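The chain contents come next:
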Amino acid sequence: NAGVTQTPKFQVLKTGQSMTLQCAQDMNHNSMYWYRQDPGMGLRLIYYSASEGTTDKGEVPNGYNVSRLNKREFSLRLESAAPSQTSVYFCASSEFGDGNEQFFGPGTRLTVL
Amino acid sequence: GENVEQHPSTLSVQEGDSAVIKCTYSDSASNYFPWYKQELGKGPQLIIDIRSNVGEKKDQRIAVTLNKTAKHFSLHITETQPEDSAVYFCAAPRMDSSYKLIFGSGTRLLVRP
């Protein structure tokens, strides 16, 4: 099992460009998450999907959109990238949400110039 | 809303010594407290967790203690080894949604050989 995979690993964008970060899990998990990690601030939840067909906002959703394409895949889209979105993005999944272990992908390092 | 504070931000110990990291949380209804370890260039990985119906949990050299009255929980690593060097994060769920984990800001642990 590959666990949680993310593409791309690195990306450089110019301000105003758009892009989609891809995430897939092969553990048949119901719940999926997108976090951003900034120095000294830990991980902050952007959006999550409790189950296929549902998505909800986390702590820092502004500037992002998500799509739960199917049970395996959960994508994060930046419509018009801003320098403040420079960060490392992690996708995670869990069997269910309530007190279940979250499994993280390797991350995508995004730089917005 | 839930707030999780983590201390210290950095910790340097001699190999073989113990390390203790402490987190405090604000929502007295929180009932699940995981600890994640993040190695350089990788996503976080769960190392131990505790639920509010117990006060302590051990797994080999790692233990977590929970004081519900004081609203704090701690990670204890005994007989530290160089491979314990990493960033450690505590977390607690927001009670408006158990899917939303609020992470502490992280502790960088360095174990000196």
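The rules behind the values
Residues numbered from 1 in each chain as written. Chains lettered and ligands numbered in written order. Predicted model: local features only at pLDDT ≥ 70, side-chain atom pairs only at ≥ 80, totals over all residues. Heavy atoms only, no water. Contact = heavy atoms within 4.5 Å. Buried area = accessible area lost by both parts, 1.4 Å probe. Salt bridge = Lys/Arg side-chain N within 4 Å of Asp/Glu carboxyl O. Polar contact = N/O pair within 3.5 Å; in protein donor to acceptor, adjacent residues only side chain to side chain. Helix = DSSP H or I, 4+ residues; strand = E, 2+ residues; numbered from the N terminus. Nonpolar A, V, L, I, M, F, W, Y, C, P; charged D, E, K, R; others polar. Phe/Tyr/Trp six-rings, centres within 6.5 Å; stacked < 30°, edge-to-face > 60°. Buried < 20%, exposed > 50% of the residue type's maximum accessible area, 1.4 Å probe, protein only.

Draft legend 1. Structural context of the interface of chain A and chain B. Between chain A and chain B, the residue contacts involve 25 residues of the former and 19 residues of the latter. Both sides of the chain A and chain B interface together cover about 1700 Å² of buried area, and 56% of this is carbon and sulfur. The largest contributions to the chain A side of the interface with chain B come from A:Leu43, A:Gly99 and A:Phe104, which together make up 25% of the buried area. Joining chain A to chain B, the criterion identifies 0 salt bridges. The tally of links from chain A across to chain B stands at 3 residue pairs in polar contact (both at pLDDT 80 or more). Looking at the side of chain A that touches chain B, the elements that each hand over two or more residues are strand 4 (31-37) and strand 5 (43-49) of chain A. Its residues placed into classes, the side of chain A that touches chain B shows 11 nonpolar, 10 polar and 4 charged.

Draft legend 2. Quick look at the packing of aromatic side chains. Evaluation of the coordinates by the stated rule reveals 12 aromatic pairs over all chains. For the pair A:Phe90 and A:Phe104, a centre-to-centre distance of 6.4 Å together with 80° between the ring planes defines the contact as edge-to-face. One end of the pair, A:Phe90, is in strand 9 (residues 87-94); the other, A:Phe104, is in strand 10 (residues 103-104), with 14 residues separating them in the sequence. Summarising the burial analysis for this pair, A:Phe90 and A:Phe104 share the class buried. Judged by centre distance (4.7 Å) and plane angle (40°), the rings of B:Tyr25 and B:Phe33 are tilted. You'll find B:Tyr25 and B:Phe33 in the same group, each marked buried. Among the aromatic residues, ring-to-ring pairing joins A:Tyr33, A:Tyr35, A:Phe90, A:Phe104, B:Tyr36 and B:Phe103 into one connected group.

Draft legend 3. Structural context of the pattern of salt bridges. According to the stated counting rule, one finds 7 salt bridges over all chains in the structure shown. Residue A:Arg44 is joined to A:Asp38 by a salt bridge in which the shortest nitrogen-to-oxygen separation is 2.8 Å. The exposure class assigned to A:Asp38 is buried, which follows from its relative accessible area of 10%. With its nearest N and O atoms 3.0 Å apart, the salt bridge here joins B:Lys57 to B:Asp49. Each of the salt bridges in this network shares a partner with another, and the network as a whole consists of A:Arg36, A:Asp38 and A:Arg44.

Draft legend 4. Just the environment of A:Gln85, in detail. Residues and elements named next belong to chain A. Among the secondary structure elements, Gln-85 is positioned in the loop between strand 8 (74-78) and strand 9. Owing to a relative accessible area of 5%, Gln-85 belongs among the buried residues under this scheme. Each C-alpha atom, one on Gln-85 and one on Thr-15, is 9.7 Å from the other, the two residues being 70 residues apart in sequence. In this structure, Gln-85 is in contact with Arg-36, Asn-62, Gly-63, Tyr-64, Leu-78, Ser-80, Leu-110 and Val-112, ignoring residues within four places of it in sequence.

Draft legend 5. Representation of unusual backbone geometry within the structure. Of note, the amide linkage connecting A:Thr7 to A:Pro8 takes the cis form, showing an omega dihedral of -5°. Look at the link from B:His7 to B:Pro8: it is a cis peptide, with omega at -5°. Summarising the element assignment, B:Pro8 is placed in the loop between strand 1 (4-7) and strand 2 (10-14). The phi dihedral of B:Glu79 is positive, around 45°, even though this residue is not glycine. With respect to the helices and strands, B:Glu79 occurs in the loop between strand 8 (72-77) and strand 9 (86-94).

None of the figures reported here should be taken as evidence of function without further support.
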